[in-house]
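So you can see what is in the structure, the chains are spelled out below.
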Amino acid sequence: MNNALTLADDLVLNRMGYGAMQLAGPNAWGPPRDRAEAVRVLRTAVELGITHLDTSDYYGPVVTNEIIREALHPYPEDLRIVTKVGFRRGPEGSWDPSSHDLRKQVQANLEHLGLDVLDAVNLRVDGTGSIAESFGELVEMQKEGLVRHLGLSNVTADQVAEARSIAPIVLVQNLYNLVVRGDDALIDVLAADGIGFVPFFPLGGWSPLQSAVLDEVAAALGVTAQQTALAWLLQRSPAILLIPGTSSVSHLRENVAAAALALPAEAVARLDALGTGAGHRGL
């Protein structure tokens with residue numbers, strides 16, 4: 001397994017983690033097609049040494065967290081579960097901002113995961129503007145002992161700076177991958193300050209990465225394009241933590257194997273040239 005990143009005394013995460021969103025049904029809505037396979041994926045992730053599990057109670061909703069509890073509770077001592085609050089799902093599966101009931105969302109995550117305290121909670125933000133009020137609510141819950149560490153999701157650099165002026169953060173989750181690199185400068189700032197950056201959709205998400213250059217580089221190395229894209233992210237910054245999601249054990253093993261892939265300088269240079277400055281948004 002790849003090297004770990006220490007973000008706090010009690011928050012040490014292997015850089016190749018697992019994102020649980022795909023354990024629910026299509027578009028993270030409803031039950032999975034194969035619940036037994038979802039359980040196998042989680043147990044295999046732990047067997048492979050993954051210590052960073054990313055989830056949210058609005059995946060499903062509730063479904064993903066219940067599967068995590070079924071598969072892994074009581075949790076391994078070194079497993080760290082990171083969740084998100086700030087959104088709810090509409091009756092038809094829409095993704096709806098919901099910052100007025102953060103305490104209920106935190107308590108729901110605790111209940112469905114079977115925990116007394118959450119290792120880390122990311123405030124999922126919608127749009128620009130001040131996040132002081134919402135982030136302040138999470139700070140209060142941290143003081144009460146419901147949450148150990150705080151992070152942010154789907155945020156601008158200004159929102160990151162605002163939150164850090166209120167309380168320390170350990171993680172930022174934004175959309176970032178081989179071709180969407182709007183957060184290049186932010187990643188470097190966070191790395192310098194010991195804050196982890198977790199790319200949403202590291203393989204493109206709903207629209208998988210497609211690039212002839214990526215395919216050529218992968219073929220030359222004898223690996224898959226997806227493994228190459230993940231390896232590029234790990235080499236992009238020592239602060240990057242990956243959480244590629246999958247509902248397949250074989251695909252999970254393939255993702256984890258990417259942590260051992262070292263890209264030669266020529267391959268990195270070709271892949272670097274693919275980037276754009278677009279976007280930071282994710283789920």
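Please read all numbers here as calculations on a predicted model, not as lab measurements.

Asker: Kindly report on the environment of G194, identifying the contributing residues and their values.
Answerer: Relative to the helices and strands, G194 is located in the loop between helix 6 (184-192) and strand 11 (196-200). In sequence terms G194 and L214 are 20 residues apart; their C-alpha atoms lie 30 Å from each other.

Asker: Which residues make up the side chain of D54, and what are the values?
Answerer: Note that D54 resides in strand 4 (residues 52-54). Since its relative accessible area comes to 2%, D54 is described here as buried. At a separation of 3.1 Å, a polar atom in the side chain of D54 contacts the side chain of K84. With residues near it in sequence (within four places) discarded, D54 still touches Y18, G19, A20, Y59, V82, K84, N122, Q173 and I243.

Asker: Run through the packing of aromatic side chains, naming residues and quoting values.
Answerer: Aromatic ring pairs are described here by two measures, namely the spacing of the ring centres and the angle between the planes. Here the structure, examined in full by the defined rule, presents 7 aromatic pairs. Taking 6.2 Å as the distance between ring centres and 45° as the angle between the ring planes, the aromatic pair formed by Y58 and F87 counts as tilted. Of this pair, Y58 sits in the loop between strand 4 and helix 2 (63-72) while F87 sits in strand 6 (residues 87-89), and the two are 29 residues apart along the sequence. As far as the burial class goes, Y58 and F87 line up, both buried. Put simply, the rings of Y58, Y59, F87 and W95 pair up and form one aromatic cluster. In this structure, R124 packs its charged tip against the face of F87, placed 3.8 Å from the ring centre.

Analysis parameters
- Residues numbered from 1 in each chain as written.
- Predicted model: local features only at pLDDT ≥ 70, side-chain atom pairs only at ≥ 80, totals over all residues.
- Heavy atoms only, no water.
- Helix = DSSP H or I, 4+ residues; strand = E, 2+ residues; numbered from the N terminus.
- Buried < 20%, exposed > 50% of the residue type's maximum accessible area, 1.4 Å probe, protein only.
- Polar contact = N/O pair within 3.5 Å; in protein donor to acceptor, adjacent residues only side chain to side chain.
- Contact = heavy atoms within 4.5 Å.
- Phe/Tyr/Trp six-rings, centres within 6.5 Å; stacked < 30°, edge-to-face > 60°.
- Lys NZ or Arg CZ within 6 Å of the ring centre and 35° of its normal.

Keep in mind these values describe shape, not function.
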